[in-house]
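Breakdown of the fold
If you want the building blocks of each chain, they are given just below.
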Amino acid sequence: MTTPDGRRRLLLVGGAGGLAGRAVLAEFARDWKIRSVHRHAAANEAGVEWIRADVAAISDWSPLLNGVELVVNLAWYRQAPARRFRALADGLIRLIRASESSGVRRWVQLSVPDAPAALETGLPYLAERRRVDRALTGSRLSYSVVRSTMLFAPHDKLLSVMLRTMARYHRFPMFGDGAYHVSPIAAHDVARIVRRESGLTERHVVSAGGPARWRYSDLTDAMFRALGRNARYVHFSPHGAVRLAQFLETFGSSLLYAYEVEWLLSDLLGPPAYEGLATPLAPVEPFLATEAAQYAPQRSGG
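So, here's what we can say about the structure. (Residues numbered from 1 in each chain as written. Predicted model: local features only at pLDDT ≥ 70, side-chain atom pairs only at ≥ 80, totals over all residues. Heavy atoms only, no water.)

**Let's talk about the nonpolar core**
Membership of the largest hydrophobic core comes to 76 residues, with the highest contact counts inside it found for W61 and L159. For this core, the leading source of residues is helix α2 (residues 82-100), giving 8 residues. Other than its neighbours up to four places away in sequence, W61 contacts L12, V37, V55, G91, R94, L95 and A98. If you look at the next biggest cluster of nonpolar residues, it comprises 30 residues, including V72, I185, V194 and V206. (Core = buried A, V, L, I, M, F, W, Y, C linked by side-chain atoms within 4.5 Å. Buried < 20%, exposed > 50% of the residue type's maximum accessible area, 1.4 Å probe, protein only. Helix = DSSP H or I, 4+ residues; strand = E, 2+ residues; numbered from the N terminus. Contact = heavy atoms within 4.5 Å.)

Now the structure itself:
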């Protein structure tokens, strides 16, 4: 997008090194100037003004906001000590406050769906994230808080890992009855949503689910079918599932965290499909087929 005098508008992105961040950079790079703030260079940041910095450690955001019209925040940790979540939240709140006085036209914050009350208040991952959300919604800024869920993209940390596990072991853990719901959404669709929301003027919080709300066990059945295998499960009670995740955490595994299991079992990760894009949201089935094709040599047997 360009200003009235023909200059490309300037976007500041926090945390563009992750799955959603890479998609957002690709979505905006064709017609925006981008200033990207994060700690490590990303492969797809050619032409992007990369600021090597920790969002949590920036005390004065004003120089980085010079000329910026839009801020998109994607920065967050999946797992970290409480002090790191607190420091990151403090840094982002400083960015919100600086944006209020720097002429920023619009803010888009990528957030997450509701969670059980005990996690909302007792888990730093969520409690500190909500503190940032509240700082934004209580500010003078024009904003969208986009609550997305279960992103998928090639080599992601969720569906791709689940497929690889199924292909390797021919079985998969099933937590409880599998009747809770999820709404997988493509990372590139989240980027399109961020793009659309950046052009709005209303101040709101919006859910961003994918095109279909799946029962979890139906989704995992579909993943086995994509691999050409019969669905086979190792069943865990809800309590046993949380204990399993805690056991894995004890040994330093990042495969699965206990809070993620509790959240999944709560049946709060299946928000409705986002509405308003010019073209439909991508279904998950073609993605599963493409990812599963990597494991074709392992498909013998059922």
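So, next bit.
**A few points about helix α4 (residues 124-137)**
Taking 1.5 Å as the rise per residue, α4 with 14 residues should run 20 Å; its terminal C-alpha atoms sit 20 Å apart, in good agreement. What α4 keeps buried is the set Y125, L126, E128, R129, R130, V132, D133, A135 and L136. (Expected span 1.5 Å × (residues − 1).)

**So, the packing of aromatic side chains**
Each aromatic ring pair is summarised here by two numbers: the centre-to-centre distance and the angle between the ring planes. Per the stated rule, a full pass over the model turns up 13 aromatic pairs. On the basis of an interplanar angle of 5° and a centroid distance of 6.2 Å, the ring pair of Y257 and Y259 is categorised as stacked. Judged by relative accessible area, which is 10%, Y257 ranks as buried. In textbook terms, an aromatic cluster arises when at least three aromatic residues are bridged by ring pairs, as seen for W76, Y77, F85, Y125, Y257, Y259 and W263. Lying over the aromatic face of F28, R195 brings its terminal NZ or CZ to 5.2 Å of the ring centre. (Phe/Tyr/Trp six-rings, centres within 6.5 Å; stacked < 30°, edge-to-face > 60°. Lys NZ or Arg CZ within 6 Å of the ring centre and 35° of its normal.)

**With respect to the pattern of salt bridges**
Between side chains of opposite charge, a pair can form when the charged atoms approach closely. One pass over the structure, following the stated rule, counts 17 salt bridges. Close ionic contact of E128 with R131 constitutes a salt bridge, the shortest N to O distance being 2.7 Å. Pair noted here: E128 and R131 are both in helix α4, with a separation of 3 residues, about one helical turn. Given the relative accessible area of 13%, E128 is considered buried. A relative accessible area of 26% places R131 in the partly exposed class. (Salt bridge = Lys/Arg side-chain N within 4 Å of Asp/Glu carboxyl O.)

Limitation: the analysis is restricted to geometry and does not speak to function.
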